[in-house]
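Residues per chain are reported as follows:
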Amino acid sequence: MAFNITDIVLLLGISQGLFLSVSLRLIHNRNKSANVILSLLLLIAVVMLFGRIAAFRVPEEWVWRFGVFIDTTIFLFGPWIYLYVRRLIFNETPTFQLAIWHYAPAFLHLAYYVWSLSFPIKEFNELYFSGKLNLLFFIVETAGLVSLSFYWIKTFIVVRKYAKMEKTALSFRQNVLVYLNVLLFTLALFSLLWSISFLSTHFLKRPFRYINYVTMWISTPLFIYGIGYFSLRQPAIFRISFKPKSENDRLKPEEIKKLQKRLHYFMEEEKVYVQPDLTLKGLADKLDTSPNNLSWLLNQVYQKSFYTYINTYRIDEFLKKIARKEHSTQTLLALALDVGFNSKSTFNRVFKSVLGTTPKEYLKSGQVA
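Because the structure is predicted, anything quoted here is derived from the model rather than measured.

Q: Tell me about the packing of aromatic side chains, and please be specific about residues and values.
A: Within a pair of aromatic rings, the relevant descriptors are the distance that separates the centres and the angle that separates the planes. With the rule as written, the count across this model stands at 21 aromatic pairs. With 6.2 Å between their ring centres and 70° between their planes, Phe 198 and Phe 203 make a pair best called edge-to-face. Classification of Phe 198 by relative accessible area gives buried; the value is 7%. According to the relative accessible area criterion, Phe 203 is exposed, its value standing at 54%. An aromatic cluster is built from Phe 318, Phe 341, Phe 347, Phe 351 and Tyr 362, whose rings are joined through pairwise contacts. A cation sits over an aromatic face here: Arg 86 above Phe 96, 4.2 Å from the ring centre. Lying over the aromatic face of Phe 341, Arg 314 brings its terminal NZ or CZ to 5.8 Å of the ring centre.

Q: Kindly report on empty space enclosed by the protein, identifying the contributing residues and their values.
A: One pass over the full model with this rule turns up one cavity of 30 Å³ or more. In terms of lining, the largest cavity is formed by Phe 77, Gly 78, Ile 81, Leu 148, Tyr 151, Trp 152 and Leu 187. Breaking the lining of the largest cavity down by element, the ones donating at least two residues are α4 (74-89) and α7 (134-169).

Q: Quick rundown of the packing of helix α5 (residues 104-116) against α7? Include the residues and the values.
A: Where α5 meets α7, the closest approach of the two axes is 12 Å, and the angle between their N-to-C directions is 160°. Relative to α7, the element α5 is oriented roughly antiparallel. The handedness of the crossing between α5 and α7 comes out as left-handed. For the pair α5 and α7, contact is made by His 109, Tyr 112 and Trp 115 and by Leu 136, Phe 137 and Val 140, respectively. Here the residues of the contact of α5 with α7 sort into five nonpolar, one polar and no charged.

Q: Before we move on, could you go through the nonpolar core and cite the residues and values that matter?
A: Among the nonpolar cores identified, the biggest contains 55 residues, and Leu 41, Tyr 84 and Ile 89 are the most heavily contacted of them. If one sorts the elements of this core by residue count, α4 sits on top with 12 residues. Those residues in contact with Leu 41, other than ones at most four positions away along the chain, are Phe 77, Trp 80, Ile 81, Tyr 84 and Ile 224. Counting 21 residues, the second largest nonpolar core, distinct from the first, contains Leu 251, Phe 266, Leu 287 and Leu 297.

Q: Could you give an account of a nonpolar patch on the surface, with specific residues and numbers?
A: A contiguous nonpolar patch, built from Phe 185, Leu 189, Leu 192, Leu 193, Ile 196, Phe 208 and Ile 211 and spanning about 620 Å² of accessible area, is present on the exposed surface. As for its placement among the helices and strands, Ile 211 is situated in the loop between α8 (175-202) and α9 (213-233).

Q: Explain the confidence of the model for the chain to me, and be specific about the residues and the numbers.
A: For the chain, per-residue confidence averages 81 on the pLDDT scale, and 81% of positions sit at 70 or higher. Note that pLDDT drops below 50 for residues 244-249; the model gives that stretch eight contacts with residues more than four away or on any other chain.

Q: Let's hear about the pattern of salt bridges: which residues, and what values?
A: Counted according to the given criterion, the structure contains four salt bridges. For Asp 285, the salt bridge identified is with Lys 281, shortest N-O distance 3.2 Å. One end of the pair, Asp 285, and the other, Lys 281, are both in helix α11 (residues 280-286), four residues apart, so they sit about a helical turn from each other. Here Asp 285 falls in the partly exposed class, since its relative accessible area comes to 46%. Between Lys 321 and Glu 326 there is a salt bridge; the shortest N-O distance is 3.4 Å. Glu 326 carries the same exposure label as Lys 321, and that label is buried.

Reading the values: the criteria
In every chain, residue numbers begin from 1 and rise along the written sequence. The model is predicted, so local features are restricted to residues of pLDDT at least 70 and side-chain atom pairs to those at 80 or more, both for listing and for counting; the totals for chains, interfaces and linings are taken over all residues. Side-chain descriptors were evaluated using all non-hydrogen atoms of the structure, hydrogens and water having been removed beforehand. Ring pairs shown here join Phe, Tyr and Trp side chains whose ring centres sit within 6.5 Å, with only the six-membered ring taken for Trp; geometry is labelled stacked below 30 degrees between planes, edge-to-face above 60, and tilted in between. Here's how the labels work: a residue is buried when its accessible area is under 20% of the maximum for its type, exposed when over 50%, partly exposed in between, all with a 1.4 Å probe on protein chains only. Note on criteria: charge over ring means Lys NZ or Arg CZ within 6 Å of the ring centre, with the direction from the centre no more than 35 degrees off the ring normal. Grid points spaced at 1 Å over the protein atoms alone were grouped into cavities, where a 1.4 Å probe fits but cannot get out, and pockets, open sets with protein on both sides within 12 Å along at least five of seven lines, with lining residues defined by an atom within 4 Å of a point. Grid points are joined across faces, edges and corners, and a volume is the space filled by probe spheres set on the points. A helix here means a DSSP run of H or I that spans at least four residues, while a strand means a run of E at least two residues long, and both kinds are numbered starting from the N terminus. Note on method: axes are straight lines fitted to C-alpha atoms, helices fitted across the in-contact stretch only, with angles between N-to-C directions ranging 0 to 180 degrees. Throughout this description, any angle smaller than 35 degrees is read as roughly parallel, any larger than 145 degrees as roughly antiparallel, any in the 65 to 115 degree range as roughly perpendicular, and the remainder as oblique. When the near helix sits turned anticlockwise from the far one by under a right angle, the crossing is termed left-handed; a clockwise turn instead gives a right-handed crossing. Residue contacts follow a heavy-atom distance rule, with two residues in contact if any of their heavy atoms lie within 4.5 Å. We call Asp, Glu, Lys and Arg charged. Ala, Val, Leu, Ile, Met, Phe, Trp, Tyr, Cys and Pro are nonpolar, and the rest, Gly among them, are polar. Nine residue types can take part in a nonpolar core, namely buried Ala, Val, Leu, Ile, Met, Phe, Trp, Tyr and Cys, and a core is a set of them joined through side-chain atoms within 4.5 Å. Each patch is built from salt-bridge-free residues with over 30% relative accessible area, joining like charges within 9 Å and nonpolar side chains (Val, Leu, Ile, Met, Phe, Trp, Tyr) within 5 Å. Exposure was quantified through the Shrake-Rupley algorithm and a 1.4 Å probe, taking into account, for residues, occlusion by the shown protein chains and nothing else. We define a salt bridge as a side-chain nitrogen of Lys or Arg found within 4 Å of a carboxyl oxygen belonging to Asp or Glu. Confidence scores here are pLDDT values: one per residue, from the predictor, ranging 0 to 100.

So this is what it looks like as structure tokens:
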């Protein structure tokens, strides 16, 4: 039996999937709970690729029946992507788990597979090739597409929640958001192409040659492999603790004054804002208060988020350096890093939001004394 280049690529994909799955489990103390789920995703990706090769390359009749069993994995892809992202960005205690109902479609598909076993192989193949099972295949593909779309929405919501919490708890932006946005965009594109193929095939009766259910099965593992490689290269992706804010945390007038005084000292005298990894919890610990109290103070009294409050100080310190002509001996990026910014993009974005212009335009405008 001859193998073509596609088969070779798929076989390499299977071996790479197994390698990534094992390698991720060997990374110690780095997003372990998330990597467990990612390892499982990689394993089902391996099964999906193997199923595609077997379906078209193995002549035995049982392969088609085995393919029905393999289809169950599509109902695990969406829930586990959501679970992976949730565990990746939120360090919850106890570790977040999905309720059993999330696996109901997979269980139903397994029940369908068990039902198919009641037919002899020859009879099952006759049903398959005669088109009598097309309605069931249509239902399975519809359910798979709905499942993927549903968990994309849930993942999108949890990523947006993280983005809001980041502004509340951190004074800097994390690269993990870029990674998650790329992940969401790729999944959205994937769902859109699959939807177009689905509608064209089943309702317009004009199937696409290169965009169909089979290419979806091949693209999915490749997408998961991309996630796996990134996780190996970036094992220390930052996570913040997910703890709902208490609505009962409110400060009395004397407590507000005391906290304001300590905050003023650490900002003006200690200049803690020059620490690029400063967090709400870190500053709250210095002030001997809770993160909720500090967040409430900043939002209610100063009318600013933690992110905006800290970065405003950083911009002020940067402008002082410009006024002292330090930019004549150092680059603007070096000065930005000195005052606490951790990247050029964050500095430029914050500078423009505060002053309405870019750092270079500010220097050219003649506003510098």
